[in-house]
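In case you want the letters, here they are:
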Amino acid sequence: MSPLPTIRLVDRHAPLVHAWRHAFEGVEGFEVTQGDYFEHPADAMVSPANSFGIMDGGRDSRRSRPFTRSIKRCVRADHRGT
């Protein structure tokens, strides 16, 4: 059996990081880090977005800018923009 991939939860907000550490204590495959997630290499990044694919604020904007048009086009095609 292959090992589980590491899922890294990263945020700058100390109370959230503390809550994650408590929630995932002893759970294999999770790593919790306080800091900027752009400083960590990763195969994938996940961020909650709304149903319209609008990711134009803060870190979401920085990460999604190259893909914004294709994200919105997919949402509109798959869900008729609703």
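Reading guide: rules and limits
- Residues numbered from 1 in each chain as written.
- Predicted model: local features only at pLDDT ≥ 70, side-chain atom pairs only at ≥ 80, totals over all residues.
- Heavy atoms only, no water.
- Helix = DSSP H or I, 4+ residues; strand = E, 2+ residues; numbered from the N terminus.
- Contact = heavy atoms within 4.5 Å.
- Areas by Shrake-Rupley, 256 points an atom, 1.4 Å probe, with all protein chains shown as cover.
- Buried < 20%, exposed > 50% of the residue type's maximum accessible area, 1.4 Å probe, protein only.
- pLDDT = per-residue confidence, 0-100.
- Phe/Tyr/Trp six-rings, centres within 6.5 Å; stacked < 30°, edge-to-face > 60°.
- Salt bridge = Lys/Arg side-chain N within 4 Å of Asp/Glu carboxyl O.
- Patch = residues over 30% accessible without salt bridge, like charges linked within 9 Å, V, L, I, M, F, W, Y side chains within 5 Å.
- Pairing = 2+ DSSP bridges.

Turning to the overall build of the protein, a few remarks are in order. Helix and strand content of the protein: three helices and two strands. Along the protein, helices and strands appear, N-terminal first, in the series β-α-β-α-α. Residue pairs in contact within the protein that sit at least 24 positions apart in sequence constitute 31% of those at least 6 positions apart. Total accessible area on the protein stands at roughly 6700 Å², and carbon and sulfur atoms take up 55% of it.

With respect to the element layout, Thr33 can be found in strand 2 (residues 30-34). Given the relative accessible area of 15%, Thr33 is considered buried.

Further remarks concern the confidence of the model for the protein. Looking at the protein as a whole, the pLDDT averages 76, with 54% of positions reaching at least 70. Here helix 2 (residues 58-64) stands out as the element of the protein with the lowest mean pLDDT, 64, in contrast to helix 1 (residues 14-23), whose mean of 95 is the highest.

Taken as a whole, this structure holds one aromatic pair when the rule is applied. With a centroid separation of 4.3 Å and an interplanar angle of 25 degrees, the aromatic rings of Phe24 and Phe30 are classed as stacked. The partly exposed category is assigned to Phe24, whose relative accessible area is 25%.

What follows concerns the pattern of salt bridges. Summed over the entire model, instances satisfying the criterion amount to two salt bridges. Arg12 is paired through a salt bridge with Asp36; the nearest N and O atoms lie 2.9 Å apart. Of this pair, Arg12 sits in the loop between strand 1 (7-11) and helix 1 while Asp36 sits in the loop between strand 2 and helix 2, placing them 24 residues apart in sequence.

Side chains of Ile7, Val27 and Phe30 sit close together on the surface and give an oily, nonpolar patch of about 220 Å² of accessible area. The topology assignment puts Ile7 in strand 1.

By the bridge criterion, five bridges tie strand 1 to strand 2 in an arrangement that is parallel. Paired with Asp11 across the bridge in strand 2 is Gln34.

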